[in-house]
Amino acid sequence: MSGVRVGLGSAFADASRIMVGVGGAAVPANRIMVGVGGAAVRAWPPPVELFDDFNRANGYLTVPWALIGTHPYLPWIDTNAALIYVATTDGTYYGAARHTTPMNTNDVYVRGQISTTNTTWPTWVFLGANDTAQNRVDLRWTNGTLDIVRKLGGTDTVMASGSSAQAAGKTFELRRTGNVYTGYVNDAAVSGLSWTDSANTIPRDSVHRFTGWGGTSRRSFPGISSWSPKMDNWWAGDISA
């Protein structure tokens, strides 16, 4: 069962809200579970599942992605992987992409798989973002260091750190369950890479349910370009339990 549907005939559709209570005292239900005890699964709202393998023609990312940064230094597909485009101007440039489909709940994950490595520049995934992505939580991978970074009003603060060597094909993942953020590499929790947002500084509400990824490009004299690890595959979704 993937959701609750209401209506008749061609008007039959997924319910957008289910109320619990009587009259003016009714409030929106957070979720409906089906099953017994620990075997119960969520029937509503249905979990969102997102994926992109970037296997398409070279060029800037388009729908369903919203690009964040300064043109031309934006997310770009290069040979079936994604990176931050670098042009002819020397400097270090950061860009990101926010998926335009929000999660249905506040307990979510976001995961990336890298196809290259870099010893200097970070690639990251993020969740809990508002539509501008100026409030969010990142999991950033720089060489052998992973950082959980809170971005609040555009200001970055490292909240927790751990270590894991980069290698092509590895995945890195950030999960939010309740107000606890935990980082994983290849599905294994990384020691020290957990942060509890006790003050709820990143609100757990319907406004902060966007996910995405970001990275770095660098150009230096005499025309040498480098990139943070390329994003080969990307996933995000509601944690279904």
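Structure's up top.
Residues numbered from 1 in each chain as written. Predicted model: local features only at pLDDT ≥ 70, side-chain atom pairs only at ≥ 80, totals over all residues. Heavy atoms only, no water.

1. Topic: the overall build of the protein chain
Counting secondary structure elements, the protein chain contains zero helices and 23 strands. Taken over 241 residues, the protein chain has a buried fraction of 46%. Residue pairs in contact within the protein chain that sit at least 24 positions apart in sequence constitute 62% of those at least 6 positions apart. Total accessible area computed for the protein chain in this model is approximately 11,300 Å², and 54% of it derives from carbon and sulfur atoms. (Helix = DSSP H or I, 4+ residues; strand = E, 2+ residues; numbered from the N terminus. Buried < 20%, exposed > 50% of the residue type's maximum accessible area, 1.4 Å probe, protein only. Contact = heavy atoms within 4.5 Å. Areas by Shrake-Rupley, 256 points an atom, 1.4 Å probe, with all protein chains shown as cover.)

2. Considering the packing of aromatic side chains
Per the stated rule, a full pass over the model turns up ten aromatic pairs. What links up through ring pairs into an aromatic cluster is the set Phe-54, Trp-65, Trp-213 and Trp-234. Across the ring face of Trp-235, the terminal group of Arg-111 is positioned such that the distance to the ring centre comes to 5.2 Å. The aromatic ring of Phe-126 is capped on one face by Arg-136, whose charged end is 4.7 Å from the ring centroid. (Phe/Tyr/Trp six-rings, centres within 6.5 Å; stacked < 30°, edge-to-face > 60°. Lys NZ or Arg CZ within 6 Å of the ring centre and 35° of its normal.)

3. What to know about the pairing of strand S22 (residues 224-227)
Taken together, the four bridges between strand S21 (residues 210-220) and S22 define a ladder with antiparallel strand orientation. Pairing of Ser-217 across the sheet is with Trp-227, part of S22. (Pairing = 2+ DSSP bridges.)

4. A word on the pattern of salt bridges
Across all of its chains, the model carries ten salt bridges by this definition. Between Asp-107 and Arg-204 there is a salt bridge whose closest N-O contact spans 3.3 Å. Residue Asp-107 is located in the loop between strand S12 (91-99) and strand S13 (108-114), and its partner Arg-204 is located in the loop between strand S20 (188-196) and S21; the two are separated by 97 residues in the primary sequence. Among the salt bridges present, the one from Arg-175 reaches Glu-173, with a minimum N-O distance of 2.7 Å. The class of Arg-175 is partly exposed, set by a relative accessible area of 24%. What makes Glu-173 buried here is its relative accessible area of 3%. One network of salt bridges, with partners in common, ties together Arg-136, Asp-138, Arg-140, Lys-151 and Asp-156. (Salt bridge = Lys/Arg side-chain N within 4 Å of Asp/Glu carboxyl O.)

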